[in-house]
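Now for the letters of each chain:
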Amino acid sequence: MLEVSGISGGYGGLQVLWDVSLIVQRGELVALVGANGAGKSTLLKTIAGLLRPFKGHITLEGVRIDNMPPHAIVARGLALVPEGRRVFPYMTVAENLELGAFLETSRARIKEALEWVYTLFPILKERRSQLAGTLSGGEQQMLVIGRALMSRPRLLMMDEPSLGLAPAVVSTVFASIRRLLEEGITVLLVEQNVRKALELAHRGYVLENGRIVLSGASATLLSDPNVKKAYLGV
Ligand code: ATP
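This one's a predicted model, so the numbers in the text were calculated from it and none came from an experiment.

Procedures and definitions
- Residues numbered from 1 in each chain as written.
- Predicted model: local features only at pLDDT ≥ 70, side-chain atom pairs only at ≥ 80, totals over all residues.
- Heavy atoms only, no water.
- Polar contact = N/O pair within 3.5 Å; in protein donor to acceptor, adjacent residues only side chain to side chain.
- Helix = DSSP H or I, 4+ residues; strand = E, 2+ residues; numbered from the N terminus.
- Pairing = 2+ DSSP bridges.
- Axes fitted to C-alpha atoms, helices over the stretch in contact; angles between N-to-C directions.
- Contact = heavy atoms within 4.5 Å.
- Near = heavy atom within 4 Å.
- Areas by Shrake-Rupley, 256 points an atom, 1.4 Å probe, with all protein chains shown as cover.
- Salt bridge = Lys/Arg side-chain N within 4 Å of Asp/Glu carboxyl O.
- Buried < 20%, exposed > 50% of the residue type's maximum accessible area, 1.4 Å probe, protein only.
- Phe/Tyr/Trp six-rings, centres within 6.5 Å; stacked < 30°, edge-to-face > 60°.
- Lys NZ or Arg CZ within 6 Å of the ring centre and 35° of its normal.
- Core = buried A, V, L, I, M, F, W, Y, C linked by side-chain atoms within 4.5 Å.

**Student:** Please give an account of helix α10 (residues 225-232) that cites residues and values.
**Tutor:** A distance of 2.8 Å separates the backbone nitrogen of N226 from a side-chain oxygen at the start of α10, and that oxygen is part of D224. At the exit of α10 stands G233, carrying a positive phi of roughly 65 degrees.

The structure is reproduced here in structure tokens:
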């Protein structure tokens, strides 16, 4: 579904990614793990069209997207949930969600998407008239995922959805990611919580200093001595 091939990229004169290749098959949950500053967010931003790669190419369902602006990539069915749970605090939950459907002009289709998101995250329906800034961290995470889902993506990329959340809340967020898979959505998940991410994912890639150093089935990665030592603390 997604093919990233030989991507080098970064910010202006600063190269962060070095010859990165990965694939995500339809229906898969793929985890991209690695330490702080490895370049995970930079890779997601490059795939989403927010940064232009210096080299390489990216295809979504067989179509090259590395030369497209972000909104055109969203229109092709790929959405990004950025790091940091940025909601519009003085707008209601429903208004935040509707912003996610910015490409949709049909009121009926926006309403339909909203109802779908409310089915996936009933808490958002309960809180729909509440100001987003007053939600808990976990609820805000659901809201930003819900907002991305409003564009009806077939592939959803998530950047550190568990960051800064209490362990019980992390489990709720991860359970909702599992629900997305059941809905037929393909997921590329960036996480520092390596164990949890690999326990949830089908396959994983390890990014170190902007390079993919290891990839494989999650179970294989979880038992890999280098992964254990570097990321699992065992
Ligand atoms: P984290 O989990 O800490 O976000 P990461 O793996 O997602 O880590 P990136 O955020 O992609 O890492 O950062 C990779 C490198 O790019 C870092 O050295 C960072 O300082 C640098 N970087 C990130 N954003 C910018 C920017 N806007 N301008 C210049 N350099 C940046």
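**Student:** Outline the sheet that holds strand β6 (residues 78-81), listing residues and values.
**Tutor:** Taken together, the 6 strands give an open sheet; going across it, the order is β6-β7-β8-β3-β9-β10, and neighbouring strands pair in mixed fashion. Both outer strands of the open sheet, β6 and β10 (211-217), are each paired with one neighbouring strand and no more. Strand-to-strand, the axes of this sheet are offset by a mean angle of 15 degrees, without reference to chain direction. Here 5 bridges tie strand β3 (residues 29-33) to strand β8 (residues 186-191), and the two strands are oriented parallel to one another. In the sheet register, V30 faces β8, and the bridge partner there is L188. Helix-sheet contacts for helix α6 (residues 137-149) involve β6 and β7 (155-159), and the interaxial angle to β6 is about 165 degrees.

**Student:** Just give me the short version of the site of the ligand, but keep the residues and values in it.
**Tutor:** Neighbouring the ligand are 14 residues, the closest being N36, G37, K40, S41 and T42. A distance of 3.2 Å separates a nitrogen atom of the ligand from a polar atom in the side chain of Y11. Between an oxygen atom of the ligand and a side-chain N or O atom of Q192, the distance comes to 3.1 Å. Starting from 630 Å² of accessible surface for the ligand in isolation, the protein chains cover 62%. Sorting the residues of the shell around the ligand by element identifies β2 (14-24) and α1 (40-47) as the ones contributing at least two each.

**Student:** Please set out the pattern of salt bridges residue by residue, giving values where relevant.
**Tutor:** All told, the structure shown has 7 salt bridges when counted by the stated rule. The shortest N-O distance in the salt bridge between E61 and R154 comes to 2.9 Å. Here R154 lies in the loop between α6 and β7 and E61 lies in the loop between β4 (55-60) and β5 (63-64), a separation of 93 residues in the sequence. Residue class for E61 comes out partly exposed when judged on its relative accessible area of 32%. Between K125 and E115 there is a salt bridge, with the nearest N and O atoms lying 3.9 Å from each other. Linking K125 in helix α5 (residues 122-126) with E115 in helix α4 (residues 107-120), this pair joins segments that are 10 residues apart in sequence. Residue classification places K125 among the partly exposed positions, given a relative accessible area of 36%. What you see here is one network of salt bridges that share partners, running through R26, E61 and R154.

**Student:** Please set out the packing of aromatic side chains residue by residue, giving values where relevant.
**Tutor:** Applying the stated criterion to the full structure yields 0 aromatic pairs. Between the NZ or CZ atom of K196 and the centre of the ring of F174, over which it lies, the distance is 5.9 Å.

**Student:** Kindly report on unusual backbone geometry, identifying the contributing residues and their values.
**Tutor:** Positive phi values are uncommon outside glycine, yet R85 reaches one of about 50 degrees. On the secondary structure map, R85 appears in the loop between β6 and α3 (93-99). With phi around 45 degrees, N209 is a residue other than glycine that occupies positive phi space. With respect to the element layout, N209 can be found in the loop between β9 (203-208) and β10. Residue N209 is classed as exposed on the basis of its relative accessible area, which comes to 63%.

**Student:** Break down the nonpolar core for me, with residues and values.
**Tutor:** Of all hydrophobic cores here, the largest spans 49 residues; its most connected members are L97, L124, I145, L149, L156 and M158. Of all the elements, α4 adds the most residues to this core, at 7 residues. When near neighbours in sequence (up to four residues on either side) are disregarded, M158 contacts L44, V81, I145, I177, L180, V187, L188, L189 and V190. Counting 29 residues, the second-largest nonpolar core is a separate cluster that includes A48, I58, L60 and L188.

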